[in-house]
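Chains, contacts and geometry: an overview
Residue-level listing of the chains:
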Amino acid sequence: MSGLLAGKRLLVTGVITDASIAFSVAKLAQENGAQVVLTGFGRLSLVERIAKRLPEPAPVIEVDVTNTEHLASLADRVREHVDGLDGVVHSIGFAPQSCLGGGFLDAPWEDVATALHVSTFSYKSLAMAALPLMSPGGAVVGLTFDATKAWPVYDWMGVAKAGLESASRYLALHLGKQGIRSNLVAAGPLRTIAAKSIPGFDQFEDAWTERAPLGWSLTDQEPAAKACLALLSDWFPATTGEIVHVDGGYHAIGA
């Protein structure tokens, strides 16, 4: 077996369609020698169908990251397919419609709490559920959208991503003693299912395609996926608490 991730065992969340960043991560990971286990929730049959489009059909386990029973049994259910984990990919985010599209000032706490639970707290929850399967050298990698700025229409999801970025740094702090790394990839806008749920998302599309120094494809998930693979690999052994921007350089350019 050869490749950047030869022999690695990965848990990949967030595969909904083959346009998902997570699908590209799983596909490239397999092509680079990794064993992959997928998670799904709510639309499990859809995830199972998409899993068959990978180079090697991947097993799918049900995981609701807000369900303590699902998290408590995660390690045992993963062990049915692999004997341990070298990496976990967190590609999970959700916010009720009231939290997006300009409703920042009106969104009720109950909806905001849902967004924070699913999109932020779950990063720690998933990592801790997988921790019994991991050993020194392992990595947790999540996906964010640059939370250093307030973006039109992104609203409370932007707050949730800011929390995710902070949570990753704290996870890096607390898991570092066990040799586990935590890093994020900040991807530019992509036409995924998640993006389509954001009213006014085309504002991001227009800005990125016009201003990113390297240019930007709204339909190419591979650049972000490749960054995830690099962070999961052994080539970043001393990097943790980091955010790698994969956005064509847009974040570096002033207004």
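The structure presented is a predicted model; accordingly, all values stated were derived computationally and were not measured. (Residues numbered from 1 in each chain as written. Predicted model: local features only at pLDDT ≥ 70, side-chain atom pairs only at ≥ 80, totals over all residues. Heavy atoms only, no water.)

So, on to the overall build of the chain. Of regular secondary structure, the chain possesses nine helices and seven strands. Against the 2.2 N^0.38 benchmark of 18 Å for 255 residues, the chain shows a C-alpha radius of gyration of 17 Å, consistent with a compact globule. In terms of its C-alpha atoms, the chain occupies a principal-axis envelope of roughly 45 × 40 × 40 Å. Among the 255 residues that make up the chain, the fraction classed as buried is 53%. Within the chain, contacts between residues separated by at least 24 positions form 75% of all contacts whose residues are at least 6 apart in sequence. By element, 55% of the accessible surface of the chain is carried by carbon and sulfur atoms, the whole surface being about 11500 Å². Counting 19 positive and 26 negative side-chain charges, the chain places the centres of these two groups 4 Å from one another. (Helix = DSSP H or I, 4+ residues; strand = E, 2+ residues; numbered from the N terminus. Rg over C-alpha atoms; globule rule 2.2 N^0.38 Å. Buried < 20%, exposed > 50% of the residue type's maximum accessible area, 1.4 Å probe, protein only. Contact = heavy atoms within 4.5 Å. Areas by Shrake-Rupley, 256 points an atom, 1.4 Å probe, with all protein chains shown as cover. Lys, Arg positive; Asp, Glu negative; His and termini not counted. Charge placed at Lys NZ, Arg CZ, Asp CG, Glu CD.)

In this structure's numbering, the residues bearing the UniProt feature "binding site: substrate" (unreviewed entry) are Ala-95. Its location among the elements puts Ala-95 in the loop between β4 (85–90) and α5 (109–130). Setting aside its immediate chain neighbours within four residues, Ala-95 contacts Leu-100, Ala-115 and Met-157. (UniProt positions renumbered as here; feature names shortened; annotations may be inferred.)

The strand order β3-β2-β1-β4-β5-β6-β7 describes an open sheet built from seven strands, whose pairing is parallel. Of all the strands in the sheet, the pair left with one neighbour each is β3 (60–62) and β7 (243–246). The average angle at which neighbouring strand axes cross in this sheet is 20°, direction not considered. Packed on one face of the sheet, helix α9 (residues 222–232) meets β1 (9–12), β4, β5 (134–144), β6 (181–187) and β7 and runs near 170° to β6. (Pairing = 2+ DSSP bridges. Axes fitted to C-alpha atoms, helices over the stretch in contact; angles between N-to-C directions.)

Overall, the coordinates contain seven aromatic pairs when judged by the stated rule. Both rings, one in Trp-208 and one in Tyr-250, keep their centres 3.8 Å apart while their planes meet at 15°; by these two values the pair is stacked. With Trp-208 in helix α8 (residues 202–211) and Tyr-250 in the segment after β7, this residue pair connects regions lying 42 residues apart in the sequence. Judged by relative accessible area, which is 9%, Tyr-250 ranks as buried. One aromatic cluster is present, built from ring pairs that chain together Phe-145, Trp-151, Tyr-154, Trp-208 and Tyr-250. (Phe/Tyr/Trp six-rings, centres within 6.5 Å; stacked < 30°, edge-to-face > 60°.)

Time to look at the pattern of salt bridges. What the rule picks out here adds up to eight salt bridges. In this structure, Asp-76 engages Arg-79 in a salt bridge whose closest nitrogen and oxygen atoms are separated by 3.1 Å. Residue Asp-76 and its partner Arg-79 are located together in helix α4 (residues 74–79), separated by three residues, close to a single helical turn. With a relative accessible area of 40%, Arg-79 lands in the partly exposed category. With a shortest N-O distance of 3.3 Å, Lys-149 and Asp-146 are connected by a salt bridge. (Salt bridge = Lys/Arg side-chain N within 4 Å of Asp/Glu carboxyl O.)

So, on to unusual backbone geometry. Phi is positive for Val-153, close to 70°, though the residue is something other than glycine. Structurally, Val-153 is set in the loop between β5 and α6 (155–175).

So, on to helix α2 (residues 44–51). Restricting attention to buried positions, one finds in α2 the residues Leu-46, Val-47, Ile-50 and Ala-51. Projected onto a plane normal to the axis of α2, the buried residues spread over an arc of 140° and lie on a single side. Those residues of α2 hidden inside the fold are in contact with α1 (21–31), β2 (35–40) and β3. (Arc of directions from axis to C-beta.)

Moving on, we come to the packing of α1 against α9. The geometry of a pair of packed helices is captured by two quantities: the angle between their axes and the separation between those axes. Contact geometry of α1 with α9 gives a least axis separation of 8 Å together with a crossing angle of 55°. The angle between α1 and α9 falls in the class oblique. Judged by the twist between their axes, the crossing of α1 over α9 is right-handed. Note on element contacts: α9 touches α1 through Glu-222, Ala-224, Ala-225, Lys-226, Cys-228 and Leu-229, opposite Ile-21, Ser-24, Val-25, Leu-28 and Ala-29. Considered class by class, the residues forming the contact of α1 with α9 number eight nonpolar, one polar and two charged. (Parallel < 35°, antiparallel > 145°, perpendicular 65-115°, else oblique. Left-handed = near helix turned anticlockwise from the far one by under 90°. Nonpolar A, V, L, I, M, F, W, Y, C, P; charged D, E, K, R; others polar.)

Below, the discussion takes up the UniProt feature "binding site: NAD(+)" (unreviewed entry) in the chain. In this structure's numbering, the residues bearing the UniProt feature "binding site: NAD(+)" (unreviewed entry) are Gly-14, Ser-20, Ile-21, Asp-64, Val-65, Ile-92 and Lys-161. Tracing the backbone shows Gly-14 in the loop between β1 and α1. Not counting residues up to four positions away in its chain, the partners in contact with Gly-14 are Ser-20, Ala-22, Thr-39 and Ser-91. Locating Lys-161 in the fold gives a position in helix α6. For Lys-161, a relative accessible area of 9% translates into the label buried. Beyond its immediate chain neighbours, meaning those up to four positions away, Lys-161 contacts Leu-143, Thr-144, Phe-145, Ala-147 and Tyr-154.

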